[in-house]
Amino acid sequence: MLRYVTTNPGKVREAERYLPDGSVERLDFDYTEIQADELGPIAARGAREAYRHADAPVLVDDAGLFVEGLDGFPGPYSSYVEETLGVERVHEIAAELDDRRAAFRCVLGYCDGDGFAASPDPVDRGDRDAAAAAGPDGDGEGGDPDESDPLPVKLFEGYVPGRIVAPRGDGGFGYDPIFEHDGETFAEMDTERKNAVSHRGRALEKFAEWYADR
Ligand code: ITT
């Protein structure tokens, strides 16, 4: 049984569509989200911590909204910004901008304690190379204190472009009401339609294909 590690049930609703019935359950575990400019190191660190906690195969899901006109903010800080400012306020800030283009990104981190055979795409991201480059104390650039952690993690990424609009729709979760893709906000789409185009859907598609062979 695969544990989808998240405090957010909305993510699991989307993930279930990609995996065989009954093969995944949510693990409500709040892993440490390290401060980083990118989602990859956060997901990798989280997957290792969650695996050690669960002692079973885990998938962590780190996502964020990157607004072009704000140089990618809130990005990895999306959760904090949703909790503090709120989604409406993010729209109000974006409404002042000339460039309201934005993107959602999602990185899935898988860990089951075993190594991986030579990776098909998507690649087993350079954790190992980074660890080697960092030297034995693992104190390299990037600020991930776990770069030398020997537990292998495989990352799968997804991306969707769109733009920030006034809130519309009542489906989905998080920033969905203010994120428009192809004329519809994610909150106006049902789960199937959102999955077909979303950052998480793209990452899950890659993961499900790889996982089926594992
Ligand atoms: P976990 O970390 O426990 O998985 P979370 O909701 O905090 O739950 P993230 O850190 O990955 O998850 O999410 C960052 C923020 O982005 C958070 O405010 C989410 O609500 C939001 N978010 C993530 N995926 C989203 C999506 O598909 N649609 C809208 N908002 C999303």
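Structure: above.
Residues numbered from 1 in each chain as written. Predicted model: local features only at pLDDT ≥ 70, side-chain atom pairs only at ≥ 80, totals over all residues. Heavy atoms only, no water.

**Details of the site of the ligand**
Close to the ligand lie 19 residues, the nearest being Thr6, Thr7, Lys11, Glu82 and Asp176. Interatomic distance of 2.7 Å between a side-chain N/O atom of Lys194 and an oxygen atom of the ligand. Between Arg200 and the ligand, the recorded distance is 2.9 Å, taken from a side-chain N or O atom to an oxygen atom. According to the grid-proximity analysis, the pocket containing the ligand is the largest pocket. Taken together, the elements giving at least two residues each to the shell around the ligand come down to β3 (58-67), α3 (78-84) and α7 (199-212). Residue composition of the shell around the ligand, by class: 4 nonpolar, 7 polar and 8 charged. (Near = heavy atom within 4 Å. Polar contact = N/O pair within 3.5 Å; in protein donor to acceptor, adjacent residues only side chain to side chain. 1 Å grid on protein atoms, 1.4 Å probe; cavity = no way out; pocket = protein on both sides within 12 Å on 5 of 7 lines; lining within 4 Å. Sits in = over half its atoms within 2 Å of the grid points. Helix = DSSP H or I, 4+ residues; strand = E, 2+ residues; numbered from the N terminus. Nonpolar A, V, L, I, M, F, W, Y, C, P; charged D, E, K, R; others polar.)

**Let's talk about the pairing of strand β4 (residues 101-111)**
With 9 of 11 residues buried, β4 lies mostly within the body of the structure. With 10 bridges connecting them, β4 and strand β5 (residues 154-164) associate as antiparallel partners. From the neighbouring strand, Tyr110 faces β5, where its bridge partner is Lys154. (Buried < 20%, exposed > 50% of the residue type's maximum accessible area, 1.4 Å probe, protein only. Pairing = 2+ DSSP bridges.)

**Some words on the packing of aromatic side chains**
Applying the stated criterion to the full structure yields 10 aromatic pairs. On the numbers, 5.8 Å between centres and 10 degrees between planes, the contact of Phe104 with Phe186 is stacked. In this pair, Phe104 is assigned in strand β4 and Phe186 in the loop between β7 (184-185) and α6 (191-197), connecting sequence segments 82 residues apart. Overall, Phe104 belongs to the buried group, its relative accessible area being 6%. Ring geometry for Tyr110 against Phe207: centres 5.6 Å apart, planes inclined by 45 degrees, an arrangement best described as tilted. A residue pair is termed long-range when its members are at least 10 positions apart, and Tyr110 in strand β4 and Phe207 in helix α7 qualify at 97 residues. In this structure, Tyr110 and Phe207 share a single accessibility class: buried. The side chain of Arg105 reaches across the aromatic face of Phe66, ending 5.5 Å from its centre. (Phe/Tyr/Trp six-rings, centres within 6.5 Å; stacked < 30°, edge-to-face > 60°. Lys NZ or Arg CZ within 6 Å of the ring centre and 35° of its normal.)

**A closer look at α7**
In a regular helix each residue adds 1.5 Å, so 14 residues correspond to 20 Å; α7 covers 20 Å between its end C-alpha atoms and thus fits that length. Tucked inside the fold, the buried residues of α7 contact β1 (2-5), α1 (9-16), β3, β4, β5 and α6. The distance from a side-chain oxygen at the start of α7 to the backbone nitrogen of Arg200 is 3.3 Å, and the residue carrying that oxygen is Ser198. (Expected span 1.5 Å × (residues − 1). Contact = heavy atoms within 4.5 Å.)

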